[in-house]
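# Chains, contacts and geometry: an overview
Chain by chain, the residues run as shown.
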Amino acid sequence: DAALICLISAASTLLSEGASYFLIYRKPAYQLLKEKIEKSYKLTQKMKQEGGDEKIRIKLEKEMKQDNTALSGMKMYSLIFFSIFMLVLFQVMKSTYADVVVAKLPFTPPSLLTRMTHSGLTSSDMADCSFGFIYGLSTLAIRSNIMKMIGGGTPKGVGSLFDQLSLMPPEKED
């Protein structure tokens, strides 16, 4: 049963991310914005290493932040579609696998994890695992890899840059 759940998770993620690819990721506007962010990131890193003009670098970082916000806005539709699709599928699978043990854990999980692994099961053996836990783990693991394959992930290095931006002191007004 656990293998079947992983297979269903993979198929549903492929379907959902495939739809996202055709509706968002392959559009020229998305591709141009993503390329612009990556080029700006490389340029700002080069300026940091070589000690370029600080004002220009800060301006580039601001533009990158705005572009990343626009990119996130484009991805929002994909996220909403994915969330609704997975929620509906989860409810269908939940009714199908109600009170069915799909896996046996080789250990008894800590009490914090027991609620996730044992959700919907009436058995008293805490090593029994419900479908929800297997489905959730497999979806998380598979989705990130599929997003990387179709080019839907965040542009390279941008996440760490925005972490740095949030730590920067506020700009002084001229």
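Being a predicted model, the structure only gives us computed values, none of them experimental.

## Focus on the packing of aromatic side chains
A complete count under the given rule lists 6 aromatic pairs for this structure. When the centroid spacing of 5.2 Å and the interplanar angle of 55° are considered together, the rings of Tyr25 and Tyr30 count as tilted. For the residue pair Tyr25 and Tyr30, the accessibility class agrees, reading buried in each case. Measuring from ring centre to ring centre gives 6.0 Å for Tyr97 and Phe131, while their planes differ by 20°; the resulting arrangement is stacked. Placement of the pair is Tyr97 in the loop between α3 (54–96) and β1 (103–104) and Phe131 in helix α5 (residues 131–150), with a sequence separation of 34 residues.

## Observations concerning helix α2 (residues 28–50)
Look at α2: 33 Å from first C-alpha to last across 23 residues, which is about the 33 Å you get at 1.5 Å a residue. The complete set of buried residues in α2 reads Tyr30, Leu33, Lys34, Ile37, Ser40, Tyr41, Thr44, Gln45 and Met47. One or two positions beyond α2, positive phi appears at Gly51, with a value near 75°.

## Here's the deal with the side chain of Ser138
Topologically, Ser138 is positioned in helix α5. Among the polar contacts listed, one links the side chain of Ser138 to the side chain of Ser9, at a separation of 3.3 Å. From its side chain, Ser138 meets the backbone oxygen of Tyr135 in a polar contact 3.1 Å long. The residues touching Ser138, leaving out its near neighbours within four places in the chain, are Ile5, Cys6 and Ser9.

Procedures and definitions
Residues numbered from 1 in each chain as written. Predicted model: local features only at pLDDT ≥ 70, side-chain atom pairs only at ≥ 80, totals over all residues. Heavy atoms only, no water. Phe/Tyr/Trp six-rings, centres within 6.5 Å; stacked < 30°, edge-to-face > 60°. Buried < 20%, exposed > 50% of the residue type's maximum accessible area, 1.4 Å probe, protein only. Helix = DSSP H or I, 4+ residues; strand = E, 2+ residues; numbered from the N terminus. Expected span 1.5 Å × (residues − 1). Polar contact = N/O pair within 3.5 Å; in protein donor to acceptor, adjacent residues only side chain to side chain. Contact = heavy atoms within 4.5 Å.

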